[in-house]
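Descriptive structure summary
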Amino acid sequence: MTENLGVIGKRNNGQRNNGQRNSGRRSDGQEKNGQKKNGQEKDGQRNNCEANTGEKPAQRSGVERVVHVSLPTLYGHFRAVGYLDHDSGDEQVALVHGDVGTGGDVLTRLHSECLTGDAFGSRHCECGDQLASALRAVAAEGSGVVVYLRGHEGRGIGLLAKLRAMALQAEGLDTVEANLALGLPVDARDYGVAARILDDLGVTSVRLMSNNPRKREALLSHGIHVAEQVPLLIEPCENNITYLRTKRERLDHHLPHLDAVAAHWP
Ligand SMILES: [Zn+2]
């Protein structure tokens, strides 16, 4: 597979980040969180300028593509495209398979980070299976994108708060009640960064693999057309059936397959 930054970035115009998209000088990924590591590059000139004018350099904003690298996986061959969100400080990554910059309805998943599900195989939720299914689907399709959204743990409340919410669920609260009992939002996720990443990849229209109507609405609000919402249904198990039912009943997730297991579990 060839790396093709030209195709990926052909629609870059900097408009989504106030024209502050960089000139590519950070493509080696040697800077992190918006901070220069060693200030080798023209710092002398800039510092002189600051000294002369007394003005601080403009703060970066928006989402910047930092690096891309070939990534063979269990599911197929991807390009990992790394981004730095200057507004939040989050490092983000999109896994891209095939050529997605040609204008079609691109099979796409916006996957909210879930360490327990994605990395540990937790059965509390279905995240790990959804991620694997999405990567398999994109590879089978021949092209597509999985945007892995960091900072989305526990619907945006963070890892430790999510673990606390899980502890409350073990005591009988549902996932919505648990977040609220902690004084936290039911869903604090923002999808603006995902839209900007898709835009950078040249993706304007998606077939969105999701059961969550809010993801579709969020992409639409950020200017990405959703041609179709593709169900990503994972067979439930005894450990997650209550959680899934809550997502269906209280968060409006489209999970029609739960009807089939109604008789199996209380
Ligand atoms: Zn999860």
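Because the structure is predicted, anything quoted here is derived from the model rather than measured. (Residues numbered from 1 in each chain as written. Predicted model: local features only at pLDDT ≥ 70, side-chain atom pairs only at ≥ 80, totals over all residues. Heavy atoms only, no water.)

Within the largest apolar cluster, 25 residues are counted, with the highest numbers of intra-cluster contacts made by L110, V145, V147, L198, L201 and L219. Sorting the residues of this core by element identifies strand 2 (77-85), strand 3 (91-97), strand 4 (105-112), strand 5 (144-149), helix 8 (192-200), strand 6 (205-209) and helix 9 (213-221) as the ones contributing at least two each. Broken down by element, this core gets its largest block of residues, five residues, from helix 8. Ignoring anything within four residues of it in the chain, the contact list for L219 reads L110, A195, L198, V206, L208, I224 and V226. The next biggest cluster of nonpolar side chains, apart from the first, holds 13 residues, and it includes F78, A134, V138 and V230. (Core = buried A, V, L, I, M, F, W, Y, C linked by side-chain atoms within 4.5 Å. Buried < 20%, exposed > 50% of the residue type's maximum accessible area, 1.4 Å probe, protein only. Helix = DSSP H or I, 4+ residues; strand = E, 2+ residues; numbered from the N terminus. Contact = heavy atoms within 4.5 Å.)

Our focus in this paragraph is the environment of S221. The topology assignment puts S221 in helix 9. Classification of S221 as exposed rests on a relative accessible area of 57%. Separated by 30 residues in the primary sequence, S221 and Y191 have C-alpha atoms spaced 9.5 Å apart. Within the local environment of S221, its side chain forms a polar contact with the backbone oxygen of A218, the two atoms lying 2.7 Å apart. (Polar contact = N/O pair within 3.5 Å; in protein donor to acceptor, adjacent residues only side chain to side chain.)

Moving on to the coordination of the zinc ion. On the protein side, the zinc ion has C114 (SG), C125 (SG) and C127 (SG) as donor atoms, found 2.1 to 2.2 Å from it. Expressed as a motif, the donor residue spacing for the zinc ion is C-x10-C-x1-C. A residue pair is termed long-range when its members are at least 10 positions apart, and C114 in the loop between strand 4 and helix 3 (115-119) and C125 in the loop between helix 3 and helix 4 (127-141) qualify at eleven residues. According to the relative accessible area criterion, C114 is buried, its value standing at 5%. (Donors = N, O, S within 2.8 Å, 3.2 Å for Na, K, Ca; no water.)

It is worth spelling out the pattern of salt bridges at this point. Counted according to the given criterion, the structure contains ten salt bridges. Note that K247 is salt-bridged to E126, the shortest N-O span being 3.3 Å. Taken together, the residues K247 in helix 10 (residues 241-251) and E126 in the loop between helix 3 and helix 4 connect sequence positions 121 residues apart. Overall, the relative accessible area of 8% leaves K247 in the buried class. (Salt bridge = Lys/Arg side-chain N within 4 Å of Asp/Glu carboxyl O.)

Further remarks concern the confidence of the model for the protein. Averaged over all residues, the pLDDT of the protein is 81; the fraction at 70 or higher stands at 77%. Below pLDDT 50 for its whole length, residues 1-51 participates in 79 contacts with residues either more than four positions away or in separate chains. (pLDDT = per-residue confidence, 0-100.)

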